[in-house]
Amino acid sequence: MDRRHFLQAMAAGAACMQAPGLHAAQKPLDDASIKDYLFKIRHPDMHHASDVVADERTRAILANVNRRLTAVREVVGFGNFNVLSFDEMLEFGRRYSQIGEFTRAELDLLESLFYEDASRYGFYGEKPLGKITQRVDLREVIKIPNTGHYVFAGKSLTLYEKVLKQVGGNLTLTSGVRSVVKQMQLFVAKADAADGNLSLASRSLAPPGYSFHGVGDFDVGIRGWGERNFTDDFADTDEFRKLLDLGYIDIRYPQDNHQGVRFEPWHIKVT
Ligand SMILES: [Zn+2]
């Protein structure tokens, strides 16, 4: 990240934090910056002039990390990858030649993505995880048959089962527990596909450490819809309408939220 981009992002971030009512006591709302903020989260996959984009060297490292994380997922399998820890990821890299050991530069990038303040590229949500090495305790999660995903036992599982029963239809779990590594892989893949645009990636995916999938949230969708579940189409389904009619469901990222994230009608807030 070069300094110019960093400063631009800080300026944009400062403007946004005063936007939609967050610090009402501070400066009066600036219409232009609110408009710009809303335009970005309503068009998450567009490249915007004020987006923070990784420099060329970082982009090359990002591409390597993306390849290596994909190789780790292939070796451990999709389901296990959802709950894989950072230390286990390193161990798989050392042991399997088709993955290969993560380089110092790659680890530096992953550490900076985890530990740096994501508001610098426009993500303003809370950070529920504090350590890159945080593990998912397998005694605390339940694998949901036919989905490849897990949910946390207790509150998350109770809510998931209740919702499934009351909404019925073709509703299913589309993403549940995500370890730090899983969130890294999703974020890095998105940023790599977006030519290193970290702001663009963070409008659709919480950066590693910032995802509530790490502590209890889960996504629901229509069985057989695949990636289409993660589009606005989900908001037009009977299942989504029924979900809202239940009256006790909270969406983590509602329309025009303050976290810098697109509308995610499928993402159920648990904690
Ligand atoms: Zn989600």
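Conventions used here
- Residues numbered from 1 in each chain as written.
- Predicted model: local features only at pLDDT ≥ 70, side-chain atom pairs only at ≥ 80, totals over all residues.
- Helix = DSSP H or I, 4+ residues; strand = E, 2+ residues; numbered from the N terminus.
- Buried ≥ 20, exposed ≤ 12 C-beta atoms within 10 Å, placed from the backbone.
- Contact = placed C-beta atoms within 7 Å.
- pLDDT = per-residue confidence, 0-100.
- Core = buried A, V, L, I, M, F, W, Y, C linked by C-beta atoms within 7 Å.

A. A look at the overall build of the chain. Secondary structure summary: the chain contains 10 helices and 5 strands in total. Within the chain, buried positions represent 40% of all 271 residues. Across the chain, every contact between residues at least 6 apart in sequence was considered, and the portion connecting residues at least 24 apart equals 73%.

B. The arrangement of the environment of L157 in detail. Structurally, L157 is set in helix 7 (residues 155–167). Taking C-alpha positions, L157 is 9.9 Å from V270, a pair spaced 113 residues apart along the chain. If we ignore the near neighbours within four places in the chain, the residues touching L157 are I142, V151 and F152.

C. Looking closely at the confidence of the model for the chain. The predicted model of the chain has a mean per-residue pLDDT of 91, with 89% of residues at 70 or higher. Below a pLDDT of 50 lies the segment residues 1–26, which in the model reaches 40 contacts outside its immediate sequence neighbourhood of four places, other chains included.

D. Examining the environment of M184 more closely. In this structure, M184 sits in helix 8 (residues 180–193). Distance in space between the C-alpha atoms of M184 and L69 is 8.4 Å, their sequence separation being 115 residues. Ignoring sequence-local partners within four residues, the contact set of M184 consists of L69, L110, L113 and P208.

E. The arrangement of the nonpolar core in detail. Judged by nonpolar contacts, the single largest core of 55 residues is most densely connected at V151, M184, F187, V188, F218 and V220. When residues in this core are grouped by element, the largest group, 7 residues, is from helix 8. In contact with V220, not counting residues within four places along its chain, are V163, L171, T172, L173, T174, W266 and I268.

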